[in-house]
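Given next are the chains, with one letter for each unit.
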Amino acid sequence: MRWRRTVAAVAAVLVTALTAACGPSFEGLHLRIASGAVGGVYNDLAQALSGAWAGDLEVDRPQVLATQGSRDNLNRVLTGGADVAFVAADLAAESAAKYPGKLAALARIHDDYLHIVVRADSPYTSVAMLAGRRIAVGSPESGVEYIAERVLHVAGLDNADPQQLGLEDSLKALEDHRIDALFWSGGLPTPLITRYTQKVGLRLLDMASLMQGMQAYSPVYGTATIPGSTYNQAGPVTTLVVPNFLVVPTTMSNEVAEALTRGLYDARPALAEANRAALSIDVHPGIETEPLPLHPGAMAYYREQKV
């Protein structure tokens, strides 16, 4: 009888060890990812990430929600309408101050570049020349609208005629001469802008003279260059760059947050195939999410990577 008890004890130890090695089970987990407009970088990456997470966590494919953008995404996470969201750092900073303890980050992902776009055959060669003009400033509640309002104020264009349009509607309106310019904040390149550059002929405006005023609004704003080769332009333009975060509610379990963070970095090849903006995703800048704190589950992953 003793040998039977010994065998049973060994078997129990082996089962326990195997269960631990398999890690936590996420059976029954249903995730919703607040992404952004179809055709934008957020949505491209969300679609690829959804497939990767489904495989990594062995769960149903997370639902990708097409949204108005960063502000809409934040509202959905705060109200329980989404579990993960792509959010621009300036709006994340605002929400962190307004709703302390409600939001956390899994990672800093790619940076968004502000595009101020006009038709190539238009007379506009500077932002100042857009005074009184019809300008698409992004969808309501979007991060684009948030930045556009600040840029127009810094540029002294309070007399502009803002139109609340998403990216594709903005490009169609520009093609049809219903607006004179559009704002867009996205990764490089943004596929829809590439397509319309080839179809209509578009030009980007330089905003070097506005950067000091914009950085007075928020320290998260940086200065960057969009190379001429990105959209077949005559030369580079100086613009504003803002980081993006992958944001979750602080109520998310540590195990889920750690698994999602691990899955994000494991999925980099698929993300880069979906959009080249993902080439900049890396664990070292990934921890730079201030003023939004990292989720403890995400922090556990970074500690394991010795970042």
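Parameters and conventions
Residues numbered from 1 in each chain as written. Predicted model: local features only at pLDDT ≥ 70, side-chain atom pairs only at ≥ 80, totals over all residues. Heavy atoms only, no water. Helix = DSSP H or I, 4+ residues; strand = E, 2+ residues; numbered from the N terminus. Buried < 20%, exposed > 50% of the residue type's maximum accessible area, 1.4 Å probe, protein only. Areas by Shrake-Rupley, 256 points an atom, 1.4 Å probe, with all protein chains shown as cover. Lys, Arg positive; Asp, Glu negative; His and termini not counted. Charge placed at Lys NZ, Arg CZ, Asp CG, Glu CD. Axes fitted to C-alpha atoms, helices over the stretch in contact; angles between N-to-C directions. Parallel < 35°, antiparallel > 145°, perpendicular 65-115°, else oblique. Left-handed = near helix turned anticlockwise from the far one by under 90°. Contact = heavy atoms within 4.5 Å. 1 Å grid on protein atoms, 1.4 Å probe; cavity = no way out; pocket = protein on both sides within 12 Å on 5 of 7 lines; lining within 4 Å. Points joined across faces, edges and corners; volume = space filled by probe spheres on them. Nonpolar A, V, L, I, M, F, W, Y, C, P; charged D, E, K, R; others polar. Pairing = 2+ DSSP bridges. Phe/Tyr/Trp six-rings, centres within 6.5 Å; stacked < 30°, edge-to-face > 60°.

Okay, the overall build of the chain next. For the chain, the helix and strand inventory stands at 12 helices and 10 strands. Principal axes of the C-alpha set define a box for the chain whose edges measure 95 × 40 × 30 Å. Scored against the burial criterion, the 307 residues of the chain give a buried share of 52%. Surface summary for the chain: the accessible area is close to 14100 Å², and the carbon and sulfur share equals 52%. When the 24 basic and 31 acidic side-chain charges of the chain are each reduced to a single mean position, those positions are 5 Å apart.

Here we come to the packing of helix α9 (residues 254–266) against helix α12 (residues 296–304). In the contact formed by α9 and α12, the axes pass within 7 Å of each other and the chain directions differ by 50°. As far as their axial angle goes, α12 and α9 are oblique. With respect to the hand of their crossing, α9 and α12 are arranged in right-handed fashion. Residues Asn254, Ala257, Glu258, Thr261, Arg262 and Tyr265 of α9 pack against Pro296, Gly297, Ala298, Ala300, Tyr301, Tyr302 and Glu304 of α12.

This paragraph deals with empty space enclosed by the protein. For the structure on display, the rule yields 2 cavities of 30 Å³ or more. Computed from the structure, the largest cavity encloses a volume of approximately 250 Å³. What lines the largest cavity is a set of 25 residues, among which Tyr42, Gly69, Val144, Trp184 and Ser185 lie closest to the centre. Looking at the lining of the largest cavity, the elements that each hand over two or more residues are β1 (32–36), α2 (41–57), α5 (143–154), α6 (167–175) and β7 (181–186). Considered class by class, the residues forming the lining of the largest cavity number 9 nonpolar, 15 polar and 1 charged.

For the rest of this paragraph, the subject is the pairing of strand β10 (residues 237–249). The buried count for β10 comes to 12 of 13 residues, which makes it a mostly enclosed element. Relative to β10, strand β3 (residues 84–88) runs antiparallel, the two being bridged by 4 bridges. The partner of Ala85 across the bridge, within β10, is Val247. The pairing of strand β4 (residues 103–119) with β10 spans 8 bridges and is classified as antiparallel. Its bridge partner being in β10, Ala105 is matched across the sheet by Val247. As judged from the 5 bridges shared by strand β9 (residues 222–226) and β10, these two strands associate in the antiparallel manner. In the strand pairing of β10, Gly222 is matched with Val241.

Here we come to the environment of Leu271. Considering the arrangement of structural elements, one finds Leu271 in helix α10 (residues 268–274). A relative accessible area of 2% means that Leu271 is categorised as buried. Ignoring any residue separated from it by four or fewer positions in sequence, one finds Leu271 in contact with Leu45, Ala48, Leu49, Leu264, Ala278 and Ile281.

In this section: the environment of Leu74. Tracing the sequence through the fold places Leu74 in helix α3 (residues 70–78). You can call Leu74 buried: its relative accessible area is 2%. Here the alpha-carbon distance between Leu74 and Gly143, two residues 69 residues apart in the chain, equals 10 Å. Setting aside its immediate chain neighbours within four residues, Leu74 contacts Val87, Leu91, Ala92, Ser95 and Leu103.

All right, on to the pairing of β3 then. Within β3, 5 of the 5 residues are buried, which leaves the element mostly enclosed by the surrounding structure. Going residue by residue along β3, you find Val84, Phe86 and Ala88 tucked away on one face and Ala85 and Val87 tucked away on the opposite face as well. Here β1 runs beside β3; their pairing, made up of 2 bridges, is parallel. In the strand pairing of β3, Ile33 is matched with Val84.

Below, the discussion takes up helix α4 (residues 89–98). α4 sits mainly inside the fold: 7 of its 10 residues count as buried. Residues of α4 that are buried in the fold lie against α3, β3, β4, α5 and β10.

Quick look at the layout of surface pockets now. By volume, the second largest pocket amounts to about 150 Å³. Around the second largest pocket sit Gly36, Ala37, Val38, Ala66, Thr67, Gln68, Ser139, Gly166, Leu167, Glu168, Asp169 and Leu192, which together line it. Per element, the largest residue contribution to the lining of the second largest pocket is 3 residues, and it comes from α6. The residue inventory of the lining of the second largest pocket, partitioned by class, reads 5 nonpolar, 5 polar and 2 charged.

On to the packing of aromatic side chains, then. Tallied over the full model, the rule gives 4 aromatic pairs. Each ring, one from Tyr265 and one from Tyr302, has its centre 5.9 Å from the other, and the planes form 75°; the classification is edge-to-face. Taken as a pair, Tyr265 in helix α9 and Tyr302 in helix α12 lie far apart in primary sequence, 37 residues in all. Residue classification places Tyr265 among the buried residues on the basis of a relative accessible area of 2%. When the centroid spacing of 5.6 Å and the interplanar angle of 70° are considered together, the rings of Tyr301 and Tyr302 count as edge-to-face. The burial state of Tyr301 is the same as that of Tyr302; both residues are buried.

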